[in-house]
Amino acid sequence: MSIIDSPSPNFGPRRDGRQPDLVVLHYTGMKSAAEALERMCDPASEVSAHYMIDEDGTCHRLVDEAMRAWHAGVACWAGERDVNSVSIGIELVNPGHEHGYRPFPDPQIARLIDLCTELKPRHGIAPHRFVGHADVAPSRKQDPGELFPWKDMARQGFGLWPKPNHAGAPVAPMEAAFLLAEIGYDIADLPASIAAFQRRYRPSLIDGQLDRETAGLINGLARMLPRQDALQGE
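Parameters and conventions
Residues numbered from 1 in each chain as written. Predicted model: local features only at pLDDT ≥ 70, side-chain atom pairs only at ≥ 80, totals over all residues. Heavy atoms only, no water. Helix = DSSP H or I, 4+ residues; strand = E, 2+ residues; numbered from the N terminus. Rg over C-alpha atoms; globule rule 2.2 N^0.38 Å. Buried < 20%, exposed > 50% of the residue type's maximum accessible area, 1.4 Å probe, protein only. Contact = heavy atoms within 4.5 Å. Lys, Arg positive; Asp, Glu negative; His and termini not counted. Charge placed at Lys NZ, Arg CZ, Asp CG, Glu CD. Axes fitted to C-alpha atoms, helices over the stretch in contact; angles between N-to-C directions. Parallel < 35°, antiparallel > 145°, perpendicular 65-115°, else oblique. Nonpolar A, V, L, I, M, F, W, Y, C, P; charged D, E, K, R; others polar. Phe/Tyr/Trp six-rings, centres within 6.5 Å; stacked < 30°, edge-to-face > 60°. Arc of directions from axis to C-beta. Pairing = 2+ DSSP bridges. Core = buried A, V, L, I, M, F, W, Y, C linked by side-chain atoms within 4.5 Å.

Asker: Which parts of the structure should I look at to understand the overall build of the protein?
Answerer: Counting its secondary structure elements, the protein contains 7 helices and 8 strands. A compact globule built from 234 residues would reach a C-alpha radius of gyration of about 17 Å, and the protein, at 17 Å, matches this within 12%. Taking the principal axes of its C-alpha atoms as reference, the protein extends roughly 50 × 40 × 30 Å. Burial status across the protein gives 54% buried among its 234 residues. For the protein, the proportion of contacts with a sequence separation of at least 24, taken over those separated by at least 6, is 71%. Taking the average place of the 24 positive charges on the side chains of the protein and the average place of its 32 negative ones, the gap between the two points comes to 4 Å.

Set out below in structure tokens:
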């Protein structure tokens, strides 16, 4: 896979010898790829990612995978609050909700799948350890958003998708909240976490309400988790 090296100065060592076992997907949320690339390579911004994929499939490498890129910010997943130290960050060029959010083109997703296909065995990343920025920072972020093809990614082995026979299974609200935490979400702001879950798994209605359908999807997804990793992600 052809990659353009566009080094960013915004990185540091992974703390305490941590190794990446999580992939966090973002959108750039800026008007153009050039603007996004310039920002992630500007030392004053203190922002970066390991990779950026343009809408035409062009892939830029900004930070070596061995290093800690600055992409997740204040975030938490499965109790881990230094998400940057355990993750690979991938930015997808898209104007985002502030500048004309639009679907992700096929060449961009194809290149993302190629990249994830390389990352997965290289770092031993389990399917349930592919997440979005909104998943790890639900109170702050929406990306990659409701137009991102999470179901298609899950079919490729990058993420999980609730089985239809589990969706809608009765589950009490308190149990659903517990299961949401088991999946990996920080439920300190429960409505925000529910909305992040809906944005990914029930994008037709994102209201932060723990209705029957949402609770069933949470239950279905939790049933798919590897039991030995039940507290390690979604």
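Asker: Would you explain the side chain of His26 in this entry?
Answerer: Mapped onto the elements of the fold, His26 is located in strand β3 (residues 22–27). Given the relative accessible area of 1%, His26 is considered buried. Apart from residues lying up to four places away in sequence, His26 is in contact with His71, Ala72, Gly89, Ile90, Glu91, Leu92, His133, Asp143 and Pro144.

Asker: Teacher, can you tell me more about the packing of helix α6 (residues 190–201) against helix α7 (residues 212–224) here?
Answerer: In a packed pair of helices, the relevant descriptors are the angle between the two axes and the axis-to-axis distance. For the pair α6 and α7, interaxial distance at closest approach is 11 Å and the crossing angle is 80 degrees. Relative to α7, the element α6 lies roughly perpendicular. Contacts between α6 and α7 involve Ile194, Phe197, Gln198 and Tyr201 from the first element and Thr214, Leu217, Ile218 and Leu221 from the second. Of the residues that constitute the contact of α6 with α7, the class distribution is 6 nonpolar, 2 polar and no charged.

Asker: It is not clear to me how the packing of aromatic side chains should be interpreted in this structure. Could you clarify?
Answerer: Geometrically, a pair of aromatic rings is defined through the distance of the ring centres and the angle of the planes. Here the structure, examined in full by the defined rule, presents 9 aromatic pairs. An angle of 85 degrees between the planes, with centres 5.4 Å apart, marks the rings of Phe104 and Phe148 as edge-to-face. Here Phe104 is found in the loop between β7 (87–92) and α2 (106–123), whereas its partner Phe148 is found in the loop between α3 (133–136) and α4 (150–155), with 44 residues between them in sequence. Measuring from ring centre to ring centre gives 5.2 Å for Trp161 and Tyr201, while their planes differ by 45 degrees; the resulting arrangement is tilted. Taken as a pair, Trp161 in the loop between α4 and α5 (173–183) and Tyr201 in helix α6 lie far apart in primary sequence, 40 residues in all. Note on Tyr201: relative accessible area 5%, which makes it buried. An aromatic cluster is present here, built from Tyr27, Tyr101, Phe104, Phe148 and Trp150 joined pairwise through their rings.

Asker: Please explain helix α1 (residues 33–40) as it appears in this structure.
Answerer: Every α-helix winds through 3.6 residues per turn, so residues three or four apart in the chain are directed the same way. Buried residues of α1: Ala33, Ala36, Leu37 and Met40, and no others. Down the axis of α1, the buried side of the element spans an arc of 95 degrees, and every buried residue falls inside it. Looking at α1, the residues exposed on the side facing more than 90 degrees away from the buried face are Ala34 and Glu38. Residues of α1 that are buried make contact with β4 (51–53), β5 (59–61) and β7.

Asker: Teacher, can you tell me more about the sheet that holds β3 here?
Answerer: Pairing between the strands of a sheet comes from backbone hydrogen bonds, and it takes one of two forms, parallel or antiparallel. One open sheet holds the 6 strands; their spatial order is β1-β5-β4-β7-β3-β8, and the pairing between them is mixed. The open sheet is flanked by β1 (4–5) and β8 (130–132), the only strands paired with a single partner. Lying over the sheet, α2 contacts β3, β4, β5, β7 and β8, oriented at roughly 175 degrees with respect to β7.

Asker: Where do I start with the nonpolar core in this structure?
Answerer: Burial of nonpolar side chains together is a common tendency in soluble globular proteins. Residues Leu22, Trp77, Ile183, Tyr185 and Phe197 are the most contacted members of the largest nonpolar core, which totals 28 residues. Considering each element in turn, this core owes the most residues, 5 residues, to α7. Apart from the residues within four sequence positions on either side, Phe197 is in contact with Leu180, Ile183, Tyr185, Arg202, Thr214, Leu217, Ile218 and Leu221. Ranked by size, the runner-up nonpolar core spans 24 residues in total, among them Ile88, Leu115, Phe148 and Met153.

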